[in-house]
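Chain by chain, the residues run as shown.
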Amino acid sequence: MKNYFIKISIFFLSICFVACTNDDNSAQPDEAFFNLNVGNQWVYKKYDFDFDTPGVYTFSGIIDNVEVVDIVNLNGISFSKIKHTKTSENNPSQYIYYEYLRVNDKGHLIGISENDISNIENINENSGNVYHPGIDFDYQKNFNQSYGSMTYSVSPATTITVENNSYNTVLYKGVFTPISEGLPSKTTEDHYQKQIGLVKRICHTVSTNYSWEERLVSYTIVN
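Cut-offs used in this document
Residues numbered from 1 in each chain as written. Predicted model: local features only at pLDDT ≥ 70, side-chain atom pairs only at ≥ 80, totals over all residues. Heavy atoms only, no water. Helix = DSSP H or I, 4+ residues; strand = E, 2+ residues; numbered from the N terminus. Buried < 20%, exposed > 50% of the residue type's maximum accessible area, 1.4 Å probe, protein only. Contact = heavy atoms within 4.5 Å. Areas by Shrake-Rupley, 256 points an atom, 1.4 Å probe, with all protein chains shown as cover. Pairing = 2+ DSSP bridges. Axes fitted to C-alpha atoms, helices over the stretch in contact; angles between N-to-C directions.

Colleague: I'd like a description of the overall build of the protein, backed by residues and values.
Modeller: Counting secondary structure elements, the protein contains 1 helix and 12 strands. When the elements of the protein are put in sequence order from the N terminus, they spell out α-β-β-β-β-β-β-β-β-β-β-β-β. Residue burial in the protein is summarised as follows: out of 223 residues, 46% are buried. Within the protein, contacts between residues at least 6 apart in sequence are counted, and of these 53% link residues at least 24 apart. If you sum the accessible surface of the protein, you get close to 11,100 Å²; carbon and sulfur atoms cover 46% of it.

Shown next, in the form of structure tokens:
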């Protein structure tokens, strides 16, 4: 079962999280945009692109239960410890992993993976990846890969509907521009609502037509 989820996670090495390279240059802090209090819980469903019906996504059977379980000190820096418990309708066993989140002095949501804390003595104020810049609308990230370039930016809040619920979200969008004519241009989207968190994520692989969405089903926020 663990191998099953690891294979799923490999897709994230395409363009969905390739944007998560820390490069903060400007911002106005707005710590209230993110809420990382212990006890917060979110439930997400994963939807896969239906190759037979373009534009349609089908529930994959995978559910991710996310919870802030603790506040921890990593080399003198405070992080919220996030527990992910993934289950699948096709297999009753669970896959559990952790990540560590904080909001920096620029108001950006910063994340560190479980593997990153193996060298905890190297963690500092510049460590981690930008998961979302909050309402720093001047923030932009550009970088090149061997297969193309990525440009990420923030869009003003807009209303979207997810799982029959309406949210007012700020979009952090990435645009992939390939260097090869054989690869199409693609996008990735992270929709966050103030004080709630991630509402919807849309990701694509670079080399195939596969894409998927993560949709918020329910949440509990501790003030």
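Moving on from the model shown.
Colleague: Please set out the sheet that holds strand β10 (residues 186-193) residue by residue, giving values where relevant.
Modeller: On the basis of which strands lie adjacent, the open sheet formed by 12 strands has the order β6-β5-β4-β3-β2-β1-β12-β11-β10-β9-β8-β7 and antiparallel pairing. One side of each edge strand has no neighbouring strand; the edge strands of this open sheet are β6 (129-132) and β7 (140-145). Strand after strand, the sheet turns through a mean of 30° between neighbouring axes, direction not considered. As defined by bridge partners, strand β1 (residues 41-49) adjoins strand β12 (residues 211-220) across 8 bridges and the pair is classed as antiparallel. Bridge assignment links V43 to a residue of β12, and that residue is S218.

Colleague: Explain the pairing of strand β11 (residues 197-204) residue by residue, including any values.
Modeller: Among the 8 residues that make up β11, 8 are buried, leaving the element largely enclosed by the rest of the structure. The pairing of β10 with β11 spans 5 bridges and is classified as antiparallel. Within β11, the residue paired with D190 across the bridge is R201. Remark: 3 residues form the turn of the hairpin made by β10 and β11, two consecutive strands paired antiparallel; Q195 in that turn has positive phi of roughly 70°.

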